[in-house]
Amino acid sequence: MNLISIPAFQDNYIWVLVGDDKRCIVVDPGDAAPVLQAIEENGWQPEAILLTHHHHDHVGGVPALRAKFPHLVVYGPQETQDKGTTRVVEDGEKILILGYDFSVFATPGHTSGHISFFSFPYLFCGDTMFSGGCGRLFEGTPTQMYQSFQRINALPEDTLVCCAHEYTLANMKFALSILPDDPAIQDYYHKVNELRVKKQNTLPVILKNERKINLFLRTDDIDLINKINQETNLQQPEERFAWLRSKKDDF
């Protein structure tokens, strides 16, 4: 399978997995127009849509795509049932698409019913994890998002994290504000900054690297704990995660 990213709106990525026979899977199509254009230009044959959550910038293109391709199977969580989903999937399910097994697992936090899809090496995690950051907590709690991050962190280190937004530079600026002397964060910030100056994508990212530069995966890191202890004493990693998210909200 080949992984393709289609830019949409200001900073969204719609991911497409394309097989050698040009049959494809579309992930979180918030806008149908760029997807339909790519399908026409490349001769792709869409077979399925994966939805991670109900927000419009992830589901808005579903009706138009299904109108054009009525056979499309749309997989999504319960919260997307009124957004065009034809098959509701839940935590722990495995689904077979184009000969590939996808594991479905709950990743609440951004929304209460948010799910992620994993077929090694590809992780489609919607607005749960971003490179260097995590999604806003619109419906869930910091503890839920922390637990979602632990589930993602349990995947193989060479997992390709396919985030849904180009937020990496802003996230690394935040990380630098917390740990300005961290060499991994410094190096990655400069790399990301160079890519964005050239208007190049920073995604997807490898989980092994995220473990080094994503503070939300480093809640047991002694440098981060020492930083937090300058302001408050938090004993549990879930509390430190919440502290980070609160800081990012105000950054």
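This is a predicted model, so every value here is computed, not measured. (Residues numbered from 1 in each chain as written. Predicted model: local features only at pLDDT ≥ 70, side-chain atom pairs only at ≥ 80, totals over all residues. Heavy atoms only, no water.)

Q: Explanation requested: the sheet that holds strand 8 (residues 100-106) in the structure shown.
A: Sheet strands pair by backbone hydrogen bonding; their relative direction is either parallel or antiparallel. Spatially, six strands are ordered 7-8-9-10-13-14 in an open sheet, and the strand pairing comes out mixed. Looking at strand neighbours, the two that pair on one side only are strand 7 (94-97) and strand 14 (205-206), the edges of this open sheet. Two elements, strand 7 and strand 8, share four bridges in a ladder whose sense is antiparallel. For Ile95, the partnering residue across the bridge sits in strand 8 and is Phe102. (Pairing = 2+ DSSP bridges. Helix = DSSP H or I, 4+ residues; strand = E, 2+ residues; numbered from the N terminus.)

Q: Is there a simple way to explain the pairing of strand 3 (residues 23-27) in this structure?
A: Looking along a regular strand, one sees the side chains alternate between the two faces of the sheet. Of all five residues making up strand 3, four are buried, and the element is well covered by its neighbours. As paired strands, strand 2 (residues 12-18) and strand 3 are joined by four bridges and run antiparallel to one another. Across the sheet, Val16 pairs through a bridge with Val26, a residue of strand 3. Taking the residues between adjacent antiparallel strands as the criterion, strand 2 and strand 3 are bridged by four residues, where Lys22 takes a positive phi near 75°. By the bridge criterion, five bridges tie strand 3 to strand 4 (residues 45-50) in an arrangement that is parallel. (Buried < 20%, exposed > 50% of the residue type's maximum accessible area, 1.4 Å probe, protein only.)

Q: Whenever I open this one, the packing of helix 4 (residues 142-153) against helix 9 (residues 237-249) confuses me. Can you help?
A: At a minimum axis separation of 9 Å, helix 4 and helix 9 run at an interaxial angle of 105°. In terms of orientation, helix 4 lies roughly perpendicular with respect to helix 9. Contact with helix 4, carried on its side by Pro142, Thr143, Met145, Tyr146 and Phe149, involves Pro237, Glu238, Phe241 and Ala242 of helix 9 and no other residues of that element. Across the contact of helix 4 with helix 9, the residue classes tally to seven nonpolar, one polar and one charged. (Axes fitted to C-alpha atoms, helices over the stretch in contact; angles between N-to-C directions. Parallel < 35°, antiparallel > 145°, perpendicular 65-115°, else oblique. Contact = heavy atoms within 4.5 Å. Nonpolar A, V, L, I, M, F, W, Y, C, P; charged D, E, K, R; others polar.)

Q: Before we go on, may I ask you to explain the pattern of salt bridges in this structure?
A: In the structure shown here, the tally under the stated rule is ten salt bridges. With its nearest N and O atoms 3.2 Å apart, the salt bridge here joins Arg136 to Asp249. With Arg136 in the loop between strand 12 (133-134) and helix 4 and Asp249 in helix 9, the pair connects residues that are 113 residues apart, well separated along the chain. A relative accessible area of 41% means that Arg136 is categorised as partly exposed. Residue Asp249 is classed as partly exposed on the basis of its relative accessible area, which comes to 36%. (Salt bridge = Lys/Arg side-chain N within 4 Å of Asp/Glu carboxyl O.)

Q: Help me out: how do you make sense of the UniProt feature "domain: Metallo-beta-lactamase" (unreviewed entry) in the protein chain in this one?
A: Look at the UniProt record and you will see "domain: Metallo-beta-lactamase" (unreviewed entry) annotated at residues 11-165. Its end C-alpha atoms 5 Å apart, residues 11-165 is made of 22% helix and 32% strand. (UniProt positions renumbered as here; feature names shortened; annotations may be inferred.)

Q: How should I be thinking about unusual backbone geometry in this particular structure?
A: Outside of glycine, negative phi angles account for most residues, and trans bonds account for most peptide bonds. The omega angle of the peptide bond from Phe120 to Pro121 is 5°, so this bond is cis rather than trans. When you line up the elements, Pro121 lands in the loop between strand 9 (115-119) and strand 10 (122-124). Each neighbour pair has its own omega, and for Leu203 with Pro204 the value is 0°, a cis peptide bond. When you line up the elements, Pro204 lands in the loop between helix 6 (183-197) and strand 14. Positive phi, normally seen in glycine, also occurs at Asp28, with a value near 50°. Topologically, Asp28 is positioned in the loop between strand 3 and helix 1 (32-42). For Asp28, a relative accessible area of 4% translates into the label buried. Unlike most non-glycine residues, Lys199 shows phi in positive territory, near 60°.

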